[in-house]
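Summary of the model geometry
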Amino acid sequence: MKILYIITKANWGGAQKYVYSLATAASAGGHDVVVAYGLPAQAGEEGTLVAKLETAGVRTTPLPGLTRDVGLLREWQAFWLLRSMLRNE
(Lines give C-alpha, C1' and ligand atoms only; values in the text may rest on other atoms or scores of the structure.)
Protein backbone atom coordinates (compact mmCIF):
# COMPACT_ATOMS: atom_id res chain seq x y z
CA MET A 1 0.00 0.00 0.00
CA LYS A 2 1.21 3.53 -0.74
CA ILE A 3 0.82 6.03 2.07
CA LEU A 4 1.35 9.79 1.83
CA TYR A 5 1.62 11.91 4.95
CA ILE A 6 1.50 15.69 4.53
CA ILE A 7 2.66 18.17 7.15
CA THR A 8 3.21 21.92 6.95
CA LYS A 9 6.36 22.14 9.09
CA ALA A 10 9.32 19.77 9.32
CA ASN A 11 10.65 20.96 12.66
CA TRP A 12 10.45 18.62 15.66
CA GLY A 13 7.27 19.00 17.71
CA GLY A 14 3.97 17.36 18.55
CA ALA A 15 2.46 16.71 15.12
CA GLN A 16 5.85 15.90 13.62
CA LYS A 17 6.50 13.24 16.26
CA TYR A 18 3.21 11.55 15.34
CA VAL A 19 3.97 11.70 11.63
CA TYR A 20 7.41 10.22 12.31
CA SER A 21 5.94 7.39 14.39
CA LEU A 22 3.23 6.61 11.84
CA ALA A 23 5.55 6.82 8.83
CA THR A 24 8.32 4.67 10.30
CA ALA A 25 5.84 2.05 11.57
CA ALA A 26 4.10 1.86 8.19
CA SER A 27 7.44 1.65 6.39
CA ALA A 28 8.59 -1.13 8.72
CA GLY A 29 5.32 -2.89 7.93
CA GLY A 30 6.29 -3.05 4.27
CA HIS A 31 4.29 -0.11 2.96
CA ASP A 32 5.59 2.47 0.46
CA VAL A 33 5.60 5.67 2.55
CA VAL A 34 6.25 9.27 1.52
CA VAL A 35 6.17 12.31 3.81
CA ALA A 36 5.58 15.65 2.08
CA TYR A 37 6.41 18.76 4.06
CA GLY A 38 6.22 22.51 3.66
CA LEU A 39 9.45 24.38 3.19
CA PRO A 40 10.70 26.47 6.12
CA ALA A 41 10.78 30.24 6.10
CA GLN A 42 14.57 30.20 5.66
CA ALA A 43 16.03 28.18 2.81
CA GLY A 44 18.39 25.35 3.72
CA GLU A 45 16.67 24.49 7.00
CA GLU A 46 14.69 21.35 6.16
CA GLY A 47 14.12 20.51 9.80
CA THR A 48 14.71 17.68 12.22
CA LEU A 49 11.77 15.63 10.94
CA VAL A 50 13.31 15.29 7.47
CA ALA A 51 16.68 14.20 8.88
CA LYS A 52 15.07 11.60 11.16
CA LEU A 53 12.86 10.21 8.38
CA GLU A 54 15.75 9.96 5.93
CA THR A 55 17.83 8.16 8.57
CA ALA A 56 14.92 5.72 9.03
CA GLY A 57 14.75 5.16 5.28
CA VAL A 58 11.44 6.95 4.70
CA ARG A 59 11.17 9.03 1.53
CA THR A 60 10.54 12.75 1.96
CA THR A 61 9.66 15.45 -0.52
CA PRO A 62 9.34 19.22 -0.07
CA LEU A 63 6.19 21.07 -1.11
CA PRO A 64 6.99 24.73 -1.74
CA GLY A 65 4.05 26.92 -0.89
CA LEU A 66 2.70 24.62 1.82
CA THR A 67 2.83 26.77 4.94
CA ARG A 68 0.71 27.49 7.97
CA ASP A 69 0.28 31.12 6.93
CA VAL A 70 -2.54 31.63 4.47
CA GLY A 71 -1.58 33.14 1.13
CA LEU A 72 -3.64 32.66 -2.00
CA LEU A 73 -0.68 32.25 -4.35
CA ARG A 74 1.12 29.83 -2.02
CA GLU A 75 -2.05 27.82 -1.49
CA TRP A 76 -2.61 27.58 -5.25
CA GLN A 77 0.99 26.51 -5.82
CA ALA A 78 0.77 23.90 -3.06
CA PHE A 79 -2.50 22.56 -4.50
CA TRP A 80 -1.00 21.99 -7.96
CA LEU A 81 2.20 20.47 -6.58
CA LEU A 82 0.18 18.16 -4.36
CA ARG A 83 -2.08 17.18 -7.24
CA SER A 84 0.96 16.40 -9.38
CA MET A 85 2.54 14.37 -6.59
CA LEU A 86 -0.61 12.30 -6.10
CA ARG A 87 -0.78 11.53 -9.81
CA ASN A 88 2.91 10.56 -9.95
CA GLU A 89 2.78 8.36 -6.88
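These numbers come from a predicted model, not from an experiment.

Cut-offs used in this document
Residues numbered from 1 in each chain as written. Predicted model: local features only at pLDDT ≥ 70, side-chain atom pairs only at ≥ 80, totals over all residues. Heavy atoms only, no water. Helix = DSSP H or I, 4+ residues; strand = E, 2+ residues; numbered from the N terminus. Expected span 1.5 Å × (residues − 1). Buried < 20%, exposed > 50% of the residue type's maximum accessible area, 1.4 Å probe, protein only. Arc of directions from axis to C-beta. Contact = heavy atoms within 4.5 Å. Patch = residues over 30% accessible without salt bridge, like charges linked within 9 Å, V, L, I, M, F, W, Y side chains within 5 Å. Areas by Shrake-Rupley, 256 points an atom, 1.4 Å probe, with all protein chains shown as cover. Salt bridge = Lys/Arg side-chain N within 4 Å of Asp/Glu carboxyl O.

Three or four residues apart is the spacing at which side chains of an α-helix point the same way, because the helix has 3.6 residues per turn. End to end, helix α1 (residues 14-28) covers 21 Å across 15 residues, agreeing with the expected 21 Å (1.5 Å per residue, within 8%). If you check which residues of α1 are buried, you get Q16, V19, A23, T24 and A26. Around the axis of α1, the buried residues are gathered within 160° of arc, so they sit on the same side. Across from the buried face of α1, at angles greater than 90 degrees, the exposed residues are Y18, A25 and A28. Packing partners of the buried residues in α1 comprise β1 (2-7), β2 (32-38) and α2 (48-55). At the C-terminal side of α1, G30 shows a positive phi close to 95°.

Together, W76, F79 and W80 make up a nonpolar patch on the protein surface, roughly 360 Å² of accessible area in all. For F79, the position within the fold is in helix α3 (residues 72-88). By relative accessible area, which is 43% here, F79 ends up partly exposed.

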